[in-house]
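In case you want the letters, here they are:
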Amino acid sequence: MKVLANDGISETGVSELEAAGFEVNTTRVAQEQLINFINEQGITVLLVRSATQVGKDVIDNCPTLKLIGRGGVGMDNIQVAYAREKGLHVINTPAASSESVAELVFAHLLGGVRFLYDANRNMPLEGDSKFKQLKKSYAKGSELRGKTLGIIGFGRIGRATAKIALGLGMKVIYFDPYIEKGNVQVDFFDGQSVSFNFESMGKSELLQQADFITVHVPAQKEYIIGSKEFDSMKDGVGIVNAARGGVIDEVALLEYIEKGKVSFAGLDVFESEPKPEIQILMHPKISLTPHIGAATGEAQDRIGSELATQIISLLK
Ligand SMILES: NC(=O)c1ccc[n+]([C@@H]2O[C@H](COP(=O)([O-])OP(=O)(O)OC[C@H]3O[C@@H](n4cnc5c(N)ncnc54)[C@H](O)[C@@H]3O)[C@@H](O)[C@H]2O)c1
């Protein structure tokens, strides 16, 4: 059986599939040639990330296809219900990237409390001529240890974020209307592990108590954090969004950073992705990454491996 991994797949995924007798093609086929290619090659499995669109046209016109797989979480680029109606398997890998996203959240938080987002912009320009002034301007850092992290959305990534926070000695609180109680087990390198039980608190209580806030909810119709929410936060709060653009109101975010209410923000996702607003990109108090939450070798290996395992069990 032939697999087309149109947006790429890790070596681990390729070798596991090949070992099970699949032929894996990692050629990137342009969207408009996809249907022809699948038919000419007799492709059974189409694997995508977020770039390739798998709409009704592909589903209707590719009779050899039996399975569509998304390496990652969101399946906005696939007509999932329609494909399943037509008898195709549709799979994804929801758990594979949680730890990578959680680590990126802490890259933004640890960078935020020591002004790395700004120091990295100014050191190349003035590090040799104004070293002492720069040293002074970044002198009032703070520690995460002992502070409270408020997690909005206590699913896979929310909980992975909690584990790192606990390891750093932070207090963890969360708000999730669908998860009343949540357990988090922190595993250490030597086999020890410590289990923590949490209970969801009200959103407004969380906003009032948290020193730092990170959001881990699915795409929403309305902002989870807008002016009203910023108003109830502690002065000097730090905020991270590595969930989805549109979860935080970026206009309100800029306003509350200007007012001094928010001391910094870390953004991996943007309302107007893939063309984030220039005011966001140029802001000296925003730490920026271009939607790379899941972009680690480890996460990509787990994604490849998880896809391979599911494909083998469904089709072999
Ligand atoms: N930055 C990246 O590269 C990257 C990578 C992977 C996933 N993500 C995003 O991270 C987000 C979370 O992923 P996950 O795997 O943890 O999902 P998940 O489904 O495991 O968890 C989401 C949680 O949010 C909760 N929730 C839903 N609506 C809520 C609301 N209004 N208020 C509070 N909580 C709410 C749900 O009950 C659930 O527990 C998703 O938006 C996903 O697209 C980003």
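These figures come from a predicted structure and were not determined experimentally.

Turning our attention to the site of the ligand. In the region of the ligand, 26 residues are neighbours, and R156, I157, D176, V217 and D268 sit closest. The contact in question runs from an oxygen atom of the ligand to an N or O atom on the side chain of R244, over 3.1 Å. Counted by class, the shell around the ligand contains 15 nonpolar, seven polar and four charged residues.

A few words on helix α1 (residues 11-19). Considered for burial, the residues of α1 that qualify are G13, V14 and L17. Looking straight down α1, one finds its buried side chains confined to an arc of 100°; they lie on one side. Projecting away from the buried face of α1 at angles above 90 degrees are the exposed residues E11 and A19. G21 sits one or two residues past α1 and shows a positive phi near 95°.

Turning our eyes to something else, we now look at the packing of helix α5 (residues 98-113) against helix α8 (residues 156-167). At their nearest, the axes of α5 and α8 sit 8 Å apart, and the two run at 55° to each other. One finds that α5 runs oblique with respect to α8. Handedness of the α5/α8 crossing: right-handed. Of α8, the residues touching α5 (which contributes S98, E99, V101, A102, E103, V105 and F106) are R156, I157, A160, T161, K163, I164 and A165. Per-class residue counts for the contact of α5 with α8 are eight nonpolar, two polar and four charged.

A word on the packing of aromatic side chains. The final tally for this structure, using the stated rule, is seven aromatic pairs. A centroid spacing of 6.1 Å and a plane angle of 25° characterise the contact between Y117 and F264, whose relative ring orientation is stacked. Linking Y117 in helix α6 (residues 116-126) with F264 in strand β12 (residues 262-267), this pair joins segments that are 147 residues apart in sequence. Overall, the relative accessible area of 11% leaves Y117 in the buried class. Ring centres of F154 and F198 lie 5.9 Å apart, and the angle between their planes is 75°; this geometry places the pair in the edge-to-face category. Linking F154 in the loop between β6 (148-152) and α8 with F198 in strand β9 (residues 193-199), this pair joins segments that are 44 residues apart in sequence. Classification of F154 by relative accessible area gives buried; the value is 0%. Given the relative accessible area of 13%, F198 is considered buried. Chaining the aromatic ring pairs together yields one cluster made of F154, Y174, F196 and F198.

Among all positions in α6, only Y117, D118 and A119 are buried. Looking at the buried residues of α6, the elements they touch are α5, β12 and β13 (286-288).

Turning our eyes to something else, we now look at the side chain of D176. If you trace the backbone, D176 turns up in the loop between β7 (171-175) and β8 (181-187). The charged side chain of D176 is buried without a salt bridge, its nearest counter-charge being R159 at 6.7 Å. A polar atom in the side chain of D176 sits 2.7 Å from the backbone nitrogen of F154.

All right, on to the nonpolar core then. Membership of the largest hydrophobic core comes to 29 residues, with the highest contact counts inside it found for I152, I213, I225, F230 and L253. Only β7, α9 (203-209), β10 (212-215), β11 (237-241), α11 (250-258) and β12 provide two or more residues apiece to this core. Among the elements that take part in this core, α11 stands out by supplying five residues, more than any other. Core analysis: the second largest hydrophobic core is formed by 23 residues, V101, F154, A165 and V184 among them.

With that settled, the discussion passes to the sheet that holds β7. With parallel pairing, the six strands of this open sheet are ordered in space as β7-β6-β10-β11-β12-β13. Each edge of the sheet is formed by a strand with only one pairing partner; in this case those strands are β7 and β13. Across the sheet, the axes of successive neighbouring strands diverge by a mean angle of 15°, strand direction being ignored. Where β6 and β7 come together, five bridges link them in parallel fashion.

Let us look at the pattern of salt bridges. Here the structure, examined in full by the defined rule, presents eight salt bridges. The salt bridge partner of R28 is D7, with a shortest N-O separation of 4.0 Å. Taken together, the positions of R28 in the loop between β2 (23-25) and α2 (34-41) and D7 in the loop between β1 (2-5) and α1 put the pair 21 residues apart, joining distant regions of the chain. We classify D7 as buried; its relative accessible area is 14%.

With that out of the way, let us pick up a nonpolar patch on the surface. Together, F188, F189 and V194 line one region of the surface with nonpolar side chains, adding up to about 360 Å² of accessible area. Take V194: it is sitting in strand β9.

Rules of the game
- Residues numbered from 1 in each chain as written.
- Predicted model: local features only at pLDDT ≥ 70, side-chain atom pairs only at ≥ 80, totals over all residues.
- Heavy atoms only, no water.
- Near = heavy atom within 4 Å.
- Polar contact = N/O pair within 3.5 Å; in protein donor to acceptor, adjacent residues only side chain to side chain.
- Nonpolar A, V, L, I, M, F, W, Y, C, P; charged D, E, K, R; others polar.
- Buried < 20%, exposed > 50% of the residue type's maximum accessible area, 1.4 Å probe, protein only.
- Helix = DSSP H or I, 4+ residues; strand = E, 2+ residues; numbered from the N terminus.
- Arc of directions from axis to C-beta.
- Axes fitted to C-alpha atoms, helices over the stretch in contact; angles between N-to-C directions.
- Parallel < 35°, antiparallel > 145°, perpendicular 65-115°, else oblique.
- Left-handed = near helix turned anticlockwise from the far one by under 90°.
- Contact = heavy atoms within 4.5 Å.
- Phe/Tyr/Trp six-rings, centres within 6.5 Å; stacked < 30°, edge-to-face > 60°.
- Lys, Arg positive; Asp, Glu negative; His and termini not counted.
- Salt bridge = Lys/Arg side-chain N within 4 Å of Asp/Glu carboxyl O.
- Core = buried A, V, L, I, M, F, W, Y, C linked by side-chain atoms within 4.5 Å.
- Pairing = 2+ DSSP bridges.
- Patch = residues over 30% accessible without salt bridge, like charges linked within 9 Å, V, L, I, M, F, W, Y side chains within 5 Å.
- Areas by Shrake-Rupley, 256 points an atom, 1.4 Å probe, with all protein chains shown as cover.

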